[in-house]
Protein chains: 2
Amino acid sequence: MKAKVFVTLKRGVLDPQGKAIAHALNSLGFPEVVDARQGKVIELDLGDAGGDQAQSRLDAMCQKLLANTVIEDYRVELAG
Amino acid sequence: MKAKVFVTLKRGVLDPQGKAIAHALNSLGFPEVVDARQGKVIELDLGDAGGDQAQSRLDAMCQKLLANTVIEDYRVELAG
């Protein structure tokens, strides 16, 4: 089973890296870019681990390691 | 219009950060994690930019700045 975890900064948390991307895109001839925010995707290979427990196990992984829940939101997507 | 760009390392490219995540998860009591790979999500706010051209403009952004196409793949997702 594979899973994807998307970790993004919470709304309202300053994102200098995103600002830099938006600024660079503007300079490169893309004035339509108003704002950009950067997050992480973590693709996990869970081997033969069962589907029922997977969601709660992934939640635990996010809480413990993958996301800093003070400033970041996360979303888990299970795929086959 | 908003868009999300997903940038991931190509298959076969070494991902030490992903390896570190997998190792850390194993140590934290998640032995089911066989492998992990880390990528980026970039959320772009494109203001009122039109939908027809948006896809090709986003492709150009990825080629020019957002992805290193030698070692990275990218995928663009348009949303409203």
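Shown above is the structure to which this text applies.
Residues numbered from 1 in each chain as written. Chains lettered and ligands numbered in written order. Predicted model: local features only at pLDDT ≥ 70, side-chain atom pairs only at ≥ 80, totals over all residues. Heavy atoms only, no water.

Describing the pairing of strand β1 (residues 2-9) of chain A
All names here are of chain A.
Then, in step 1: Across six bridges, β1 lies against strand β2 (residues 35-45) in antiparallel orientation. Directly across from Val 5, in β2, lies its bridge partner Ile 42.
Then, in step 2: Pairing geometry for β1 and strand β3 (residues 72-79), over eight bridges, is antiparallel. Its bridge partner being in β3, Lys 2 is matched across the sheet by Ala 79. (Pairing = 2+ DSSP bridges. Helix = DSSP H or I, 4+ residues; strand = E, 2+ residues; numbered from the N terminus.)

Details of helix α1 (residues 16-27) of chain A
Residues and elements named next belong to chain A.
Then, in step 1: With twelve residues, α1 ought to run about 16 Å at 1.5 Å a step, and its terminal C-alpha atoms sit 16 Å apart, in line with that.
Then, in step 2: For α1, the full list of buried residues reads Gly 18, Ile 21, Ala 22 and Leu 25. Down the axis of α1, the smallest arc covering the buried residues is 95°, so these residues share one side. Structural note: α1 exposes Pro 16, Lys 19, His 23 and Ser 27 on the side pointing more than 90 degrees away from its buried face.
Then, in step 3: Of the residues trailing α1, Gly 29 is marked for its positive phi of about 100°. (Expected span 1.5 Å × (residues − 1). Buried < 20%, exposed > 50% of the residue type's maximum accessible area, 1.4 Å probe, protein only. Arc of directions from axis to C-beta.)

Some details on the sheet that holds β1 of chain A
Then, in step 1: Strand order in the open sheet made by the six strands is β3(A)-β1(A)-β2(A)-β2(B)-β1(B)-β3(B), with antiparallel pairing throughout. Every interior strand has two partners, whereas the edge strands, β3 of chain A together with β3 (72-79) of chain B, have only one. Strand after strand, the sheet turns through a mean of 20° between neighbouring axes, direction not considered.
Then, in step 2: Docked against the sheet, helix α2 (residues 51-66) of chain B engages β1 (2-9), β2 (35-45) and β3 of chain B, running at close to 150° with respect to β3 of chain B. (Axes fitted to C-alpha atoms, helices over the stretch in contact; angles between N-to-C directions. Contact = heavy atoms within 4.5 Å.)

Some thoughts on the environment of Asn 26 of chain B
Then, in step 1: Positionally, Asn 26 of chain B belongs in helix α1 (residues 16-27).
Then, in step 2: In this structure Asn 26 of chain B touches Pro 31 and Val 33 of chain B, once residues within four positions along its chain are discounted.

A short note on the pattern of salt bridges
A pair can form between side chains of opposite charge whenever their charged atoms are brought close.
Then, in step 1: Going through the model one piece at a time under the given rule, you end up with ten salt bridges over all chains.
Then, in step 2: In this structure, Arg 57 of chain A and Glu 32 of chain B form a salt bridge, with 2.7 Å as the shortest nitrogen-oxygen distance. In this pair, Arg 57 of chain A is assigned in helix α2 (residues 51-66) and Glu 32 of chain B in the loop between α1 and β2, connecting two distinct chains. (Salt bridge = Lys/Arg side-chain N within 4 Å of Asp/Glu carboxyl O.)

Points about the relation of the copies chain B and chain A
Then, in step 1: Rotating chain B by 180° and moving it 0.0 Å along the rotation axis overlays it on chain A with an RMSD of 0.0 Å. Those values place the two copies in the arrangement expected of a two-fold rotation axis. Among all residues of chain B, the minimum C-alpha distance to the rotation axis is found for Lys 40 of chain B, at 2.2 Å.
Then, in step 2: Here 100% of the contact residues of chain B are again contact residues in chain A; the copies associate through an equivalent surface. (Least-squares fit on C-alpha atoms with pLDDT ≥ 70 in both.)

Side note on the interface of chain B and chain A
Then, in step 1: Facing the 34 residues of chain B at the interface are 34 residues of chain A.
Then, in step 2: Buried area between chain B and chain A, summed over both chains or domains, comes out near 2900 Å², and the portion from carbon and sulfur atoms is 64%.
Then, in step 3: Put simply, chain B and chain A have two salt bridges between them.
Then, in step 4: The tally of links between chain B and chain A comes to twelve residue pairs in polar contact (both at pLDDT 80 or more).
Then, in step 5: Counting only elements with at least two residues in the side of chain B that touches chain A, the list comes to β1, α1, β2 and α2 of chain B.
Then, in step 6: Sorting elements by how many residues they give to the side of chain B that touches chain A places β2 of chain B first, with eleven residues.
Then, in step 7: Two elements, β2 of chain A and β2 of chain B, share eleven bridges in a ladder whose sense is antiparallel. Bridge pairing in β2 of chain B places Glu 43 of chain A opposite Arg 37 of chain B. (Buried area = accessible area lost by both parts, 1.4 Å probe. Polar contact = N/O pair within 3.5 Å; in protein donor to acceptor, adjacent residues only side chain to side chain.)

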